[in-house]
Amino acid sequence: PGGLTLKSLLEVPLFEGLTGEEIRAIVANCETNHYKAETRLFDEGDTDRRLYIVLEGNVSIQLMGLMIDDPIVLEAGPSDVFGESTFFAPRAHSTRATATTAVATLELPGTAFDDLFQSGNSAAGKIALNGAMLLGERLQSTDAWVRELLQGDKSAEMIRSWRRFRHALYARSQRPPGGGFLRV
């Protein structure tokens, strides 16, 4: 769609290891969208499940509600992917995505992915693995940042906050399984 080439899509990390035919199957289920600069692609609290692949332009992902001048957590450019955390673990967005320039995206709706995955489509399985890889890389970067933060600030409040976070993370992992890619 829109003059996309298979060669350009092979550069997208989300498509790593997919064959040309598998990429075509995924793209056939995607939407191509264009946004003007300063347009919001999604906002904090939105629940739309979709993966965004930037084809042209730049998108800023901001963590809202912080009392800082620069709440940007990711600046996505061509071939970058975002939206994976709420795509694979459905929840309301905690961030805002804003086009900083004119932007063209390829967007995979969650319902289309679910249908592909449930039908046993190999491309959907590879997308899930690649999405897990992207999430893992971003979590590892966050871990390194937390380590740096805790080493630099040894205040009692920071340590208590860290313990609360760890406890809450453990408590969430003890919930009975639910959700996921398979629907009954």
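Residues numbered from 1 in each chain as written. Predicted model: local features only at pLDDT ≥ 70, side-chain atom pairs only at ≥ 80, totals over all residues. Heavy atoms only, no water.

Visitor: Just give me the short version of the overall build of the protein chain, but keep the residues and values in it.
Guide: Within the protein chain, the regular secondary structure consists of 6 helices and 8 strands. Seen in sequence order, the protein chain has helices and strands lined up from the N terminus as α-α-β-β-β-β-β-β-α-β-β-α-α-α. Considering the protein chain as a whole, with its 184 residues, one finds that 34% of them fall into the buried category. Carbon and sulfur atoms make up 55% of the accessible area of the protein chain, which totals about 11300 Å². (Helix = DSSP H or I, 4+ residues; strand = E, 2+ residues; numbered from the N terminus. Buried < 20%, exposed > 50% of the residue type's maximum accessible area, 1.4 Å probe, protein only. Areas by Shrake-Rupley, 256 points an atom, 1.4 Å probe, with all protein chains shown as cover.)

Visitor: An account of unusual backbone geometry is requested, with residue identities and associated values reported.
Guide: The bulk of non-glycine residues show a negative phi, and the bulk of peptide bonds are trans. Phi angles above zero are rare outside glycine, and E38 is one such case at about 75°. Judged by its relative accessible area of 62%, E38 falls in the exposed class. Phi angles above zero are rare outside glycine, and S79 is one such case at about 80°. Take S79: its relative accessible area is 18%, and that puts it in the buried class.

Visitor: Can you break down the environment of F113 residue by residue, with the values?
Guide: Relative to the elements of secondary structure, F113 occurs in helix 4 (residues 110-118). By relative accessible area, F113 is classed as buried at 0%. Taking the C-alpha atoms as reference, F113 lies 8.2 Å from I26; in sequence the two are 87 residues apart.

Visitor: Go over the pairing of strand 3 (residues 50-56), please, and point to the residues and values.
Guide: Among the 7 residues in strand 3, 5 count as buried, and that is most of the element. Bridge analysis of strand 3 against strand 8 (residues 103-109) gives 6 bridges, and the strand direction is antiparallel. Paired with I53 across the strands is L106, a residue of strand 8. Where strand 3 meets strand 6 (residues 81-82), 2 bridges bridge the pair, whose relative direction is antiparallel. For Y52, the partnering residue across the bridge sits in strand 6 and is F82. (Pairing = 2+ DSSP bridges.)

Visitor: Could you give an account of the nonpolar core, with specific residues and numbers?
Guide: Membership of the largest hydrophobic core comes to 24 residues, with the highest contact counts inside it found for L14, F15, I26, L51, L108, F113 and I127. Looking at which element gives the most residues to this core, the answer is helix 5 (residues 122-152), with 5 residues. Residues in contact with L14, not counting those within four places in the same chain, are L51, I53, V81, I127, N130, G131 and L134. Ranked by size, the runner-up nonpolar core spans 12 residues in total, among them Y35, I61, A97 and V103. (Core = buried A, V, L, I, M, F, W, Y, C linked by side-chain atoms within 4.5 Å. Contact = heavy atoms within 4.5 Å.)

Visitor: Tell me what's going on with the sheet that holds strand 5 (residues 72-76), and back it up with residues and numbers.
Guide: The 4 strands lie next to each other as 2-7-4-5, forming an open sheet whose pairing is antiparallel. The strands lining the two open edges of the sheet, one partner per strand, are strand 2 (40-42) and strand 5. Strand-to-strand, the axes of this sheet are offset by a mean angle of 25°, without reference to chain direction. (Axes fitted to C-alpha atoms, helices over the stretch in contact; angles between N-to-C directions.)

Visitor: Tell me about the pattern of salt bridges, and name the residues and values.
Guide: Under the definition given, this model contains 8 salt bridges. We note a salt bridge from R24 to E21, for which the minimum N-O separation is 3.8 Å. With R24 and E21 both in helix 2 (residues 20-27) and 3 residues apart, this pair spans about one turn of that helix. For R24, a relative accessible area of 46% gives the class partly exposed. One network of salt bridges, with partners in common, ties together E31, D48, R50 and E107. (Salt bridge = Lys/Arg side-chain N within 4 Å of Asp/Glu carboxyl O.)

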